[in-house]
Amino acid sequence: MHIHGLIEDSATLANLCARLANKPYVCVDTEFMRENSYWPELCLIQIADDEEAAAIDPMAPGLDLTPLLDLMTKNEDVLKVFHAGGQDIEIVYNLTGTTPHPLFDTQVAAMALGLGEQIGYSNLVDTYLGFTIDKGARFTDWSRRPLDKRQIDYAIADVTHLSKIFPKMLEKLKKTGRGAWLDQEMERLADPENYHNDPDEAWQRVRVSSRKPEVLGRLKALARWREIEAQGKDLPRGRIVKDETLADLAGNPPRKQSDLGKVRGLSAAWAGNDIGGRLMAALEGAEPMSTAELPPRDDRKPSLGKDGALVADLLKLLLKIRAKEINVAPRLLARSDDLESLAAGVRDGLAILEGWRYEQFGRDALNLVEGQLGFTVRNGKLKMTRTEEPAA
């Protein structure tokens, strides 16, 4: 494989992208810093196919990333391969307003191949390539220039290894017939809505015990205010106000700005400065949350009841058994919410009752709920047993 030197000029990048635009897939990774900012600071982009690889310096003066971003988001003929690519995809979304497509995530694919729910990159390399990667540059400051050779070599290795792993995974998925199992997961990962930070939706990230409309209305207003402050100042949300302080302000709102100086978690200066004034304005403008927007109650116990909760537990046991039998991560087959909904009598709109999930797990889950499947212990091992034939 040909490894290019660090790309810092637009012409070299454009030429690379022109070649990669005709390849069936590219492997992509990024290095970024976000500890002290709201927006991740893109510091390095690595890309490779089976013949060449390069690291690209997005911080290089005058570098035009357009050919690379077009390759990521506009070229539907090239599959973009990531490992645990959520944050990499978020960066592309922030730059373009859309996401790489089509895409393939090796961490998600590993679930279908029995490698666990969140296999790390180093373990994936060890499994498929049989060696341990050097993690020495993992926690480097990627924003500092110049980058040294060790940093660049470490970064490029992420995509050169991935370019060898991906074909192996793809071949195994084809042999097992499980490639189609991943289509829905990959499309979900590529959905731009996952990466859109809407200030009006920011309240949903904050834990609060109350369901009172007036409390949630204040929380929504405060979370929106914090999101706008964080975006404008390019600071992490928690650097503006921590979640627990935001929840406390929503539940126990101060009567006047001077009271902010007494709130734990806020600077005393907020009692009289501009940011404190903007916080108070957000509180004063808050309206009770509408019934339509109120979050659903945690209906698990009321709707399931004691017997239903036991059925849900049996479904989770069935999930573990089936996942072990077919060597797949349980979370790829079913999520807890679906199991609890099925136990509560829901039949419509459940992923486990559709497509391959129904064939591999949902049919037996439904039969268990409807009394046509049970468990028995044979030779010290738990087995499923059919109690009666399902209706035709």
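About the cut-offs
Residues numbered from 1 in each chain as written. Predicted model: local features only at pLDDT ≥ 70, side-chain atom pairs only at ≥ 80, totals over all residues. Heavy atoms only, no water. Bend = angle between axes of the 7 residues up to and from the residue. Helix = DSSP H or I, 4+ residues; strand = E, 2+ residues; numbered from the N terminus. Buried < 20%, exposed > 50% of the residue type's maximum accessible area, 1.4 Å probe, protein only. Contact = heavy atoms within 4.5 Å. Domains from an automatic or database assignment. Buried area = accessible area lost by both parts, 1.4 Å probe. Salt bridge = Lys/Arg side-chain N within 4 Å of Asp/Glu carboxyl O. Polar contact = N/O pair within 3.5 Å; in protein donor to acceptor, adjacent residues only side chain to side chain. UniProt positions renumbered as here; feature names shortened; annotations may be inferred. Axes fitted to C-alpha atoms, helices over the stretch in contact; angles between N-to-C directions. Parallel < 35°, antiparallel > 145°, perpendicular 65-115°, else oblique. Left-handed = near helix turned anticlockwise from the far one by under 90°. Nonpolar A, V, L, I, M, F, W, Y, C, P; charged D, E, K, R; others polar.

Q: In this structure, what is going on with helix α15 (residues 355–369)? I would like to understand it.
A: At F361, α15 shows its maximal bend, which comes to roughly 55 degrees. Buried residues of α15: W356, R357, F361, G362, D364, A365, L366, N367 and L368, and no others. G371 sits one or two residues past α15 and shows a positive phi near 80 degrees.

Q: When you look at the side chain of S163 in this model, what are you seeing that I'm missing?
A: Turning to its location among the elements, S163 is positioned in helix α6 (residues 149–176). Residue classification places S163 among the buried residues on the basis of a relative accessible area of 5%. In contact with S163, other than residues within four places in its own chain, are M1, Y25, C27 and D49.

Q: Is there a simple way to think about the domain arrangement of the protein chain in this case?
A: Interfaces are often sized by the amount of accessible area the parts lose when they come together. For the protein chain, the domain assignment lists domain 1 (2–194), domain 2 (199–285) and domain 3 (307–386). The straight-line distance from the C-alpha centre of domain 1 to that of domain 3 is 35 Å. Listed per partner, the contact involves 14 residues of domain 1 and eleven residues of domain 3. Overall, the association of domain 1 and domain 3 removes approximately 1100 Å² of surface from exposure, summing both partners, and the carbon and sulfur fraction of that is 51%. The largest share of the area that domain 1 buries against domain 3 comes from M111, E117 and W181, three residues that together contribute 56% of it. Put simply, domain 1 and domain 3 have three salt bridges between them. A salt bridge links R335 to E185, with the shortest nitrogen-to-oxygen separation between them at 3.8 Å. Linking domain 1 with domain 3 are eight residue pairs in polar contact (both at pLDDT 80 or more), by the criterion used here. Among the elements of the structure, α4 (106–112) and α7 (183–190) are those that each provide at least two residues to the side of domain 1 that touches domain 3. For the side of domain 1 that touches domain 3, the element with the most residues is α7, which contributes three residues.

Q: Is there a simple way to think about the UniProt feature "domain: HRDC" (unreviewed entry) in the protein chain in this case?
A: Per the UniProt record, the feature "domain: HRDC" (unreviewed entry) sits at residues 212–293. As a span, residues 212–293 carries 55% helix and 0% strand, and end to end its C-alpha atoms are 12 Å apart.

Q: How do you make sense of the packing of helix α8 (residues 213–233) against helix α10 (residues 243–251) when you look at a structure like this?
A: Helix-helix packing: each pair is described by the crossing angle between the helix axes and the interaxial distance. Packing of α8 against α10 leaves a shortest axis separation of 8 Å and a crossing angle of 140 degrees. The angle between α8 and α10 falls in the class oblique. Seen along the crossing, α8 lies across α10 with a hand that is right-handed. Along its contact with α8, which presents V215, R218, L219, L222, A223, W225 and R226, the element α10 presents D243, L246, A247, L249, A250 and G251. In terms of residue class, the contact of α8 with α10 is made up of nine nonpolar, one polar and three charged.

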